[in-house]
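Survey of secondary and tertiary structure
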Amino acid sequence: MPAKGKQRLSTSQRIARVAAIASAGGAALALPLMGATGAQAATSGGAADAASTANTTYTVKAGDTLSKIAKAQDVDGGWKKLYEGNKDVVGSDADHIKIGMKLDLGGAADSGSATTGTDAAATTQASASTSDADYVKPVDGASGHGYGSSGSMWSSGSHTGADFSVPTGTAVKSIADGTVVSAGDGGAYGNEIVIEHADGHFSEYAHLSSISVSEGAKVTAGQEIAKSGATGNVTGPHLHFEVRTTADYGSDIDPIAYLSQHGVDA
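Residues numbered from 1 in each chain as written. Predicted model: local features only at pLDDT ≥ 70, side-chain atom pairs only at ≥ 80, totals over all residues. Heavy atoms only, no water.

Things to note about the packing of aromatic side chains
- Per the stated rule, a full pass over the model turns up four aromatic pairs.
- Judged by centre distance (5.5 Å) and plane angle (50°), the ring pair of Y205 and F241 falls under tilted. With Y205 in strand β8 (residues 202-211) and F241 in strand β11 (residues 239-244), this pair connects stretches of sequence that are 36 residues apart. Pair check on accessibility: Y205 and F241 agree, each one buried.
- An aromatic cluster of at least three residues, connected via ring pairs, comprises F164, Y205 and F241.
- Lying over the aromatic face of Y58, K61 brings its terminal NZ or CZ to 4.9 Å of the ring centre. (Phe/Tyr/Trp six-rings, centres within 6.5 Å; stacked < 30°, edge-to-face > 60°. Helix = DSSP H or I, 4+ residues; strand = E, 2+ residues; numbered from the N terminus. Buried < 20%, exposed > 50% of the residue type's maximum accessible area, 1.4 Å probe, protein only. Lys NZ or Arg CZ within 6 Å of the ring centre and 35° of its normal.)

Side note on the nonpolar core
- Formed by 26 residues in total, the largest nonpolar core has its most connected members in I193, Y205, I225 and L239.
- Contributing elements (two or more residues each) for this core: β4 (162-164), β7 (191-197), β8, β10 (224-228), β11 and α7 (255-261).
- The dominant element in this core, judged by the number of residues it contributes, is β11, at three residues.
- Residues within four places of I225 in sequence aside, it is in contact with V172, K173, S174, I193, I195, Y205, I211, S212, V213 and V219. (Core = buried A, V, L, I, M, F, W, Y, C linked by side-chain atoms within 4.5 Å. Contact = heavy atoms within 4.5 Å.)

Observations regarding the side chain of S228
- For S228, the location among the structural elements is in strand β10.
- Reaching out from S228, the side chain makes a polar contact with the backbone oxygen of P167 at a distance of 2.8 Å.
- Apart from residues lying up to four places away in sequence, S228 is in contact with V166, P167, T168, G169, T170, V172, H207, L208 and S209. (Polar contact = N/O pair within 3.5 Å; in protein donor to acceptor, adjacent residues only side chain to side chain.)

Quick word on the confidence of the model for the protein
- For the protein, per-residue confidence averages 76 on the pLDDT scale, and residues scoring 70 or more make up 66% of the total.
- In this model residues 1-6 is a low-confidence stretch, pLDDT under 50, and it forms zero contacts with partners more than four residues away in sequence or in other chains. (pLDDT = per-residue confidence, 0-100.)

Side note on the pattern of salt bridges
- For the structure shown, the criterion picks out six salt bridges.
- Among the ionic pairs, E192 bridges to R244, the shortest N-O distance being 3.9 Å. Residue E192 is located in strand β7, and its partner R244 is located in strand β11; the two are separated by 52 residues in the primary sequence. Exposure class is identical for E192 and R244. Each is buried.
- Measuring nitrogen to oxygen at the nearest pair gives 2.8 Å for the salt bridge that ties E242 to R244. The exposure classification of E242 matches that of R244, with both residues buried. (Salt bridge = Lys/Arg side-chain N within 4 Å of Asp/Glu carboxyl O.)

Here we look at the pairing of β11
- Most of β11 is tucked away: six of the six residues are buried.
- Where β4 lies against β11, three bridges are found, and the strand directions are antiparallel. Residue pairing in the sheet places F164 in a bridge with L239 of β11.
- Where β8 meets β11, five bridges bridge the pair, whose relative direction is antiparallel. In the sheet register, S203 faces β11, and the bridge partner there is V243.
- Examined bridge by bridge, β11 and strand β12 (residues 252-253) share two bridges and lie antiparallel to one another. Across the sheet, R244 pairs through a bridge with D252, a residue of β12. (Pairing = 2+ DSSP bridges.)

See the structure below:
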């Protein structure tokens with residue numbers, strides 16, 4: 001007769017045995033309430049929930065704009081939707097987001113195409129680094145000042161740009177890649193250039209002594225586009241620099257704050 005093997009008790013038999021031991025005053029053994037598969041599923045579900053929660057907020061980094069964040073995070077409705085959901089954090093000007101701000105993505109990320117985890121962190125870092133590298137000061141050395149200053153010197157009642165005090169003939173550079181919208185006589189601005197950039201903003205350079213680009217030309221960040229001067233309505237040589245939301249006068253925003261958002265100390 002073959003040797004008898006030890007037979008494993010069934011679940012019902014083990015429970016009955018524990019109950020018998022307990023009733024006899026013995027130490028009862030704790031039985032698991034779920035199998036390994038159930039535990040793994042619970043753990044996996046918790047991790048997924050945590051990842052989902054982590055992806056609903058974004059911390060603003062150097063070089064970020066709402067449009068770049070919305071694109072990178074696949075926000076449904078784009079930067080306008082992102083701004084609407086974060087007005088209490090951003091404030092009244094959508095162009096003035098600050099490093100360290102916590103933005104609510106509103107659960108609008110497209111899970112089918114959004115990058116998560118380590119890849120997302122690497123992508124965000126690379127994007128910020130590229131953005132910083134793609135913006136420069138319009139002139140070397142000098143610091144811009146005077147945006148928003150009031151006075152009778154300006155037709156709007158306030159200064160619509162920042163002035164960089166540089167001598168005539170100083171190289172003027174495009175602050176970022178873009179397309180020249182206009183180049184030529186700008187009336188009170190003297191010789192003037194306006195450039196459209198990828199984020200939808202426009203940069204303007206005025207009182208130039210000479211212009212080296214023409215309308216429709218593609219320019220790159222740091223490319224020399226003109227020489228500074230004292231043409232138009234001025235009291236002395238300098239570069240008048242603006243950032244606008246359209247190509248036209250009157251749509252200006254703080255140009256120094258804009259450059260700062262792109263990692264440029266001007």
